[in-house]
Amino acid sequence: MWIVAAALFTLAVAARSDSASAGQSSRRPAPSLTLESLGGRDSFEFYCAPCHGTDGRGNGPTASALTTRPSDLASLARRNDGAFPRDRVRAFVIDATGRPARAHLSSEMPVWGPIFRGLDPSDARVTRRVDNIVAYVESLQAPSTGVDDLGSQLFRTHCANCHGTTALGNGPLAESLRRAPPDLTTYTARNGGVFPSERLRRIIDGRDVAAHGERLMPVWGDAFSRQGGQSEESVKARIAAITKYLEGIQVRSGD
């Protein structure tokens, strides 16, 4: 995608040079790469949807050709404790301010701020375009479902003390443990891009997972069954809800 971005910038400069050269008026004009509309939806579909898809879920027509699957932009709020990270989207995704340097990996996502400024000399238009894209991405956020709500509630009640409310392993009890809790948002990235739902379900349940040494994590299968005489079906439903919630907050390597 950096190649695409560089090509966009080069073509834009070439188009301006051509229009300024009277002696080359017979040359076919280069196609315009500047979208006249500043609408958030129009800009997103023109510049972002080829990779992220019109619904922002990372399923655009060019996504399969990329080394890293584009991020699911519709789950940003869900992966940020329910709040849309507007400033981070603007800085990290759009303008790339604060984007971490990657020593061994090249980001395939264009840095749209400089590209927009190269395509459009008006700073006011560029600012408005970026703001409208961010607002449109916010409008794409997927609503939570009943399962997600239950899973989120159970996670905060039973898991967040160790794993933290954002599941990064930074809960208030984490420092008191002999072994730091893992970052639960990276299961998919650490499993070749596939969320290991069945393996995670068994870990949460804990009743049929062989322990190699001391198990610091509670056996939630037993704990849930003891709470108010929960049936086995209810225990499985609780574990499934937590698993589903964790699947929804996974980060990909390109996030």
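In this text, all values refer to a predicted model and were calculated from it rather than measured experimentally.

### Here's the deal with the nonpolar core
Soluble, globular proteins show a tendency: their nonpolar side chains are buried together.
Piece 1. Within the largest apolar cluster, 22 residues are counted, with the highest numbers of intra-cluster contacts made by F44, Y47, F84, F116 and V137.
Piece 2. If you list the elements that add at least two residues to this core, you get α2 (40-52), α3 (86-94), α4 (112-119) and α5 (123-139).
Piece 3. Contact partners of F44, with chain neighbours within four places excluded, come to A49, H52, G53, T54, G56, L73, I133, Y136, V137 and L140.
Piece 4. The next biggest cluster of nonpolar side chains, apart from the first, holds 20 residues, and it includes F155, F195, I204 and V235.

### Focus on unusual backbone geometry
For residues other than glycine, phi is negative in most cases, and the peptide bonds are mostly trans.
Piece 1. Notably, A167 is not glycine yet its phi reads approximately 65 degrees, a positive angle.
Piece 2. Secondary-structure assignment places A167 in the loop between α7 (160-163) and α8 (197-205).

### Re the pattern of salt bridges
Piece 1. Going through the model one piece at a time under the given rule, you end up with 12 salt bridges.
Piece 2. For R57, the salt bridge identified is with D55, shortest N-O distance 4.0 Å.
Piece 3. Overall, the relative accessible area of 35% leaves R57 in the partly exposed class.
Piece 4. Taking the relative accessible area as the measure of exposure, D55 reaches 29% and is therefore partly exposed.
Piece 5. With a closest N to O distance of 2.6 Å, D205 and R207 form a salt bridge.
Piece 6. The class of D205 is buried, set by a relative accessible area of 7%.
Piece 7. The partly exposed category is assigned to R207, whose relative accessible area is 34%.

### Comments concerning α5
Piece 1. The end-to-end C-alpha distance of α5, which contains 17 residues, comes to 24 Å, matching closely the 24 Å that a straight helix rising 1.5 Å per residue would cover.
Piece 2. Within α5, the full set of buried residues consists of V126, R129, V130, I133, V134, Y136 and V137. Each buried residue of α5 lies within a common arc of 165 degrees when the element is viewed along its axis, so the set occupies one face. Opposite the buried face of α5, at more than 90 degrees from it, the exposed residues are A124, R128 and S139.

Calculation rules
Residues numbered from 1 in each chain as written. Predicted model: local features only at pLDDT ≥ 70, side-chain atom pairs only at ≥ 80, totals over all residues. Heavy atoms only, no water. Core = buried A, V, L, I, M, F, W, Y, C linked by side-chain atoms within 4.5 Å. Buried < 20%, exposed > 50% of the residue type's maximum accessible area, 1.4 Å probe, protein only. Helix = DSSP H or I, 4+ residues; strand = E, 2+ residues; numbered from the N terminus. Contact = heavy atoms within 4.5 Å. Salt bridge = Lys/Arg side-chain N within 4 Å of Asp/Glu carboxyl O. Expected span 1.5 Å × (residues − 1). Arc of directions from axis to C-beta.

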